[in-house]
Amino acid sequence: MSYICSEETEELIQAVKEFCDHEVREQSKEYDRSGEWPKEIYDKAMEMQLHMLEIPEEYGGLGLDKVSVAAILEEMAKADAGFALTFSVSSIGLKSVLMAGNEAQKKKYCDNIIGGHFSAFALTEPQAGSDAAAGKTTARKDGDFYVLNGRKTFITNGGVAGIYVVTAMTDKTKGLKGMSAFIVEAGTPGLSTGKHEDKMGIRGSNTCDVVFDECRIPAENLLGNEGDGFKIAMQTLDISRTFIGGMAVGIAQRAMEEAIAYAKTRIQFGQPIIKNQAIAFKLADMAIQIETARQIVANACTRMDMGLPYGKESAIAKCYGGDVAVKVTSEAVQIFGGYGYSREYPVEKLMRDAKIYQIFEGTNEIQRVVIANHLMKEY
Ligand code: CAA
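Residues numbered from 1 in each chain as written. Predicted model: local features only at pLDDT ≥ 70, side-chain atom pairs only at ≥ 80, totals over all residues. Heavy atoms only, no water.

## Quick notes on the pattern of salt bridges
Summed over all chains, the structure comprises 30 salt bridges. In this structure, Glu26 and Lys29 form a salt bridge, with 2.8 Å as the shortest nitrogen-oxygen distance. Among the ionic contacts, a cluster of salt bridges with common partners joins Arg25, Arg254 and Glu258. (Salt bridge = Lys/Arg side-chain N within 4 Å of Asp/Glu carboxyl O.)

## Notes on the packing of helix α3 (residues 39-47) against helix α5 (residues 81-100)
As a packed pair, α3 and α5 sit with axes 12 Å apart at the nearest point and diverge in direction by 55 degrees. As the angle between them shows, α3 and α5 are arranged oblique. The two elements α3 and α5 meet at a crossing, and its hand is right-handed. Two secondary-structure elements touch here, α3 through Ile41, Tyr42, Ala45 and Met46 and α5 through Gly82, Phe83, Thr86 and Phe87. Taken together, the residues that form the contact of α3 with α5 break down as six nonpolar, two polar and no charged. (Axes fitted to C-alpha atoms, helices over the stretch in contact; angles between N-to-C directions. Helix = DSSP H or I, 4+ residues; strand = E, 2+ residues; numbered from the N terminus. Parallel < 35°, antiparallel > 145°, perpendicular 65-115°, else oblique. Left-handed = near helix turned anticlockwise from the far one by under 90°. Contact = heavy atoms within 4.5 Å. Nonpolar A, V, L, I, M, F, W, Y, C, P; charged D, E, K, R; others polar.)

## Thoughts on empty space enclosed by the protein
Applying the stated rule across the entire model yields two cavities of 30 Å³ or more. Computed from the structure, the largest cavity encloses a volume of approximately 50 Å³. His51, Glu54, Ile55, Ser91, Leu94, Lys95 and Leu98 together form the lining of the largest cavity. A class-by-class count of the residues in the lining of the largest cavity yields three nonpolar, two polar and two charged. Here the second largest cavity is characterised by a volume of approximately 40 Å³. Every residue lining the second largest cavity is listed: Leu50, Leu53, Glu54, Leu73, Phe87, Ser88 and Ser91. The element best represented in the lining of the second largest cavity is α5, accounting for three residues. Its residues assigned to classes, the lining of the second largest cavity shows four nonpolar, two polar and one charged. (1 Å grid on protein atoms, 1.4 Å probe; cavity = no way out; pocket = protein on both sides within 12 Å on 5 of 7 lines; lining within 4 Å. Points joined across faces, edges and corners; volume = space filled by probe spheres on them.)

## Comments concerning a negative patch on the surface
A surface patch of like charges, here negative, comprises Glu7, Glu8, Glu10, Glu11 and Glu57. Structurally, Glu57 is set in the loop between α3 and α4 (66-79). (Patch = residues over 30% accessible without salt bridge, like charges linked within 9 Å, V, L, I, M, F, W, Y side chains within 5 Å. Areas by Shrake-Rupley, 256 points an atom, 1.4 Å probe, with all protein chains shown as cover. Lys, Arg positive; Asp, Glu negative; His and termini not counted. Charge placed at Lys NZ, Arg CZ, Asp CG, Glu CD.)

## Considerations on the site of the ligand
In the vicinity of the ligand, 21 residues are found, and the nearest of them are Ser130, Thr156, Lys177, Asp238 and Arg241. Lys177 is positioned with one of its side-chain polar atoms (N or O) 2.8 Å from an oxygen atom of the ligand. At 2.8 Å, a side-chain N or O of Arg241 approaches an oxygen atom of the ligand. Looking at the shell around the ligand, the elements with two or more residues in it are α7 (229-265) and α11 (364-378). Of all the elements, α7 adds the most residues to the shell around the ligand, at seven residues. Split into classes, the residues belonging to the shell around the ligand amount to ten nonpolar, six polar and five charged. (Near = heavy atom within 4 Å. Polar contact = N/O pair within 3.5 Å; in protein donor to acceptor, adjacent residues only side chain to side chain.)

## Comments concerning the packing of aromatic side chains
One pass over the structure, following the stated rule, counts 13 aromatic pairs. Ring centres of Trp37 and Tyr42 lie 4.7 Å apart, and the angle between their planes is 20 degrees; on these two criteria the pair is classed as stacked. Using a relative accessible area of 24% as the deciding quantity, one classes Trp37 as partly exposed. By relative accessible area, Tyr42 is classed as buried at 1%. A centroid spacing of 4.3 Å and a plane angle of 15 degrees characterise the contact between Tyr262 and Phe336, whose relative ring orientation is stacked. Note that Tyr262 is positioned in helix α7 and Phe336 in helix α9 (residues 311-336), a separation of 74 residues in sequence. Ring-pair connections join several aromatic residues into one group, and the members of that group are Phe19, Trp37, Tyr42, Phe83, Phe87 and Phe118. Over the face of the ring belonging to Phe145 we find Arg216, whose NZ or CZ atom lies 4.7 Å from the ring centre. (Phe/Tyr/Trp six-rings, centres within 6.5 Å; stacked < 30°, edge-to-face > 60°. Buried < 20%, exposed > 50% of the residue type's maximum accessible area, 1.4 Å probe, protein only. Lys NZ or Arg CZ within 6 Å of the ring centre and 35° of its normal.)

## Things to note about the layout of surface pockets
Empty space within the largest pocket amounts to approximately 1,200 Å³. In terms of lining, the largest pocket is formed by 41 residues, of which the most central are Thr124, Ile359, Phe360, Glu361 and Gly362. The set of elements that each furnish at least two residues to the lining of the largest pocket consists of α5, β3 (145-156), α7, α10 (347-355) and α11. Looking at the lining of the largest pocket, the element that brings in the most residues is α11, giving six residues. Residue composition of the lining of the largest pocket, by class: 21 nonpolar, ten polar and ten charged.

## A look at the side chain of Asn206
Looking at the element boundaries, Asn206 is found in the loop between β6 (191-196) and β7 (207-218). Side-chain polar atoms of Asn206 contact the backbone nitrogen of Gly158, separated by 3.3 Å. Look past the residues within four positions of Asn206 in its chain and what remains in contact with it is Trp37, Ile155, Thr156, Asn157, Gly158, Gly159, Val160, His196 and Lys199.

## Side note on the nonpolar core
Leu50, Met76, Phe83, Phe87, Met286, Ile335 and Tyr357 are the most contacted members of the largest nonpolar core, which has 91 residues in total. No other element matches α7, which puts 17 residues into this core. The residues touching Met286, leaving out its near neighbours within four places in the chain, are Met256, Ala259, Val328, Glu331, Ala332 and Ile335. (Core = buried A, V, L, I, M, F, W, Y, C linked by side-chain atoms within 4.5 Å.)

Treat this as a map of the structure, not an account of what it does.
Structure representation (structure tokens):
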């Protein structure tokens, strides 16, 4: 089963699938091994306009509805989760701009992304992960400029982005109400890339520290008002977590498809192992979990498209999707047996890729905090 989309979107999904089958799926094995960032693949994907999916038509993008975006990200994640993540996270930085920016900022930075750049969302710091309000990066007003100092960590696209949406404290005495959000352009003096993470999975995505050392940016790059930063970050994550769930569904779907193909051809005791109920039931359980996760993602997307509240549903989509990806990929390795543990076969990569989906964009424990907070208000 899949998402219910228009005929036009179905055609686009098919085109993305063909692109991923030819240009990403096999190639991803090599960059998984080397940890290199495959620029040439991203360049080709930009020719397919995969960086423009969520940009509204009025700013020159494809302006797709959220369900369609989730369906396309699923196809991309089936080929390679790091590849899908690079584009999805690029949309996160832009989401903050589209949500909180003024007209000039929206136009300028949509043009920037359409022109072939990635964005990054720089919230996390070494001491401020789950406790996002504990950020120490500062922004000091100096005439018509702000001067940023601090270090962001685990930043997806940190070393390859054209624009960064960065949270920094403009008034430490006010706690999280003293946090503001800024747009920083790559190449600004004082902005540099720090440690590059050598990750367990999603190795085709770039993850680095981003360092600000007396980094001077125009005051007009403030998003919203001073003090809006924490709220902008939380509202951005409310949207993007749904798509993390959508990509997790893609990883799980691929693992199930690989496991079915293997179980049909692996002969033990004179018959394909899929004839054993122990294996067949594992596959059935995978299908139940994957379809449930997909429909939870679809529900969160539909609520966004309809202008209904979606914070709780987005957290559920991220949390459930991440858990399903980890369970399903682990079971796929089990079905492959010893071969599943070998790098020669595809499922060990899927298992490594899946794990981060329980961690980033707010750990699944934090999603439960978010969900519980909604429940306390609702009932
Ligand atoms: N929308 C709007 N406002 C919100 C909000 C939301 N979703 N969530 C909180 N707020 C507001 C609250 O209303 C409150 O405002 P008032 O004081 O005016 O009432 C204020 O923010 C503080 O809220 P909390 O007391 O709930 O804040 P908290 O400090 O307890 O933290 C948290 C809440 C949910 C744990 C939050 O810190 C959080 O989400 N942490 C996880 C951070 C995270 O997801 N990091 C991921 C980094 S990005 C990433 O991974 C991208 C990548 O590169 C892959």
